[in-house]
Amino acid sequence: ESPSQGPREDGHGASQTFIQEYRFPEGIPQEWITAYRGALHAVEQIKVEKDSLREEEYYKKLEKALLQAARINQKIQAAASP
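Residues numbered from 1 in each chain as written. Predicted model: local features only at pLDDT ≥ 70, side-chain atom pairs only at ≥ 80, totals over all residues. Heavy atoms only, no water.

Peer 1: Describe the overall build of the protein chain, naming the residues involved and giving the relevant values.
Peer 2: Each helix and strand in the protein chain was counted, giving three helices and zero strands. The buried share among the 82 residues of the protein chain stands at 16%. Of the roughly 7000 Å² of accessible surface on the protein chain, a fraction of 50% belongs to carbon and sulfur atoms. (Helix = DSSP H or I, 4+ residues; strand = E, 2+ residues; numbered from the N terminus. Buried < 20%, exposed > 50% of the residue type's maximum accessible area, 1.4 Å probe, protein only. Areas by Shrake-Rupley, 256 points an atom, 1.4 Å probe, with all protein chains shown as cover.)

Quick look at the structure:
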């Protein structure tokens, strides 16, 4: 549908998709960056699977992934601080 015909519905996938740019301080090991991105991806995957998981299992998995991402981020931030 063209813009002149009004708003277009792009679907659920489009509403959940965006471009995220990550900037990491110089000198941060690539393995930390990869681990952090992987942890964030795991969080997003768990959110996608929410409807197929029991509530308790969903929150347990989500908490584990969020804590992993937070720990890696903390490590990156500590290494970047003078």
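Peer 1: I'd like to hear about helix H2 (residues 30–48), residue by residue, with values.
Peer 2: Along an α-helix, residues three or four apart share an orientation, since each turn contains 3.6 residues. With 19 residues, H2 extends 27 Å from end C-alpha to end C-alpha; this agrees with the ideal 27 Å at 1.5 Å per step. Looking at the buried side of H2, the elements it contacts are helix H3 (55–80). (Expected span 1.5 Å × (residues − 1). Contact = heavy atoms within 4.5 Å.)

Peer 1: Just give me the short version of H3, but keep the residues and values in it.
Peer 2: Its 26 residues give H3 an end-to-end C-alpha distance of 37 Å, which sits within 8% of 38 Å, the value for a rise of 1.5 Å per residue. Here H3 has its buried residues at Tyr-58, Leu-62, Ala-65, Ala-69, Ile-72 and Ile-76. Residues of H3 that are buried sit in contact with H2.

Peer 1: Residue-level account of the environment of Glu-44, with values.
Peer 2: On the secondary structure map, Glu-44 appears in helix H2. It is 9.4 Å that separates the C-alpha atoms of Glu-44 and Ala-65, two residues lying 21 residues apart in sequence.

Peer 1: Describe the nonpolar core, with residues and values.
Peer 2: In this structure, Ile-28, Ile-33, Tyr-36, Ala-39, Ala-69, Ile-72 and Ile-76 together form the largest nonpolar core, which totals seven residues. Broken down by secondary-structure element, the contributors of at least two residues to this core are H2 and H3. With residues near it in sequence (within four places) discarded, Ile-28 still touches Ile-33, Ile-76, Ala-79 and Ala-80. Val-43, Ile-46, Leu-53 and Tyr-58 belong to the second-largest nonpolar core, a separate cluster that totals six residues. (Core = buried A, V, L, I, M, F, W, Y, C linked by side-chain atoms within 4.5 Å.)

Peer 1: Residues and numbers for the packing of aromatic side chains, please.
Peer 2: Scanning all chains against the criterion turns up two aromatic pairs. Ring geometry for Phe-24 against Tyr-36: centres 6.1 Å apart, planes inclined by 85°, an arrangement best described as edge-to-face. Of the two residues, Phe-24 is situated in the loop between helix H1 (12–15) and H2 and Tyr-36 in helix H2; the sequence distance between them amounts to 12 residues. The class of Tyr-36 is buried, set by a relative accessible area of 15%. Taken together, a centroid distance of 4.9 Å and an interplanar angle of 75° make the contact between Tyr-58 and Tyr-59 edge-to-face. On the basis of relative accessibility, which here comes to 43%, the residue Tyr-59 falls in the partly exposed class. (Phe/Tyr/Trp six-rings, centres within 6.5 Å; stacked < 30°, edge-to-face > 60°.)

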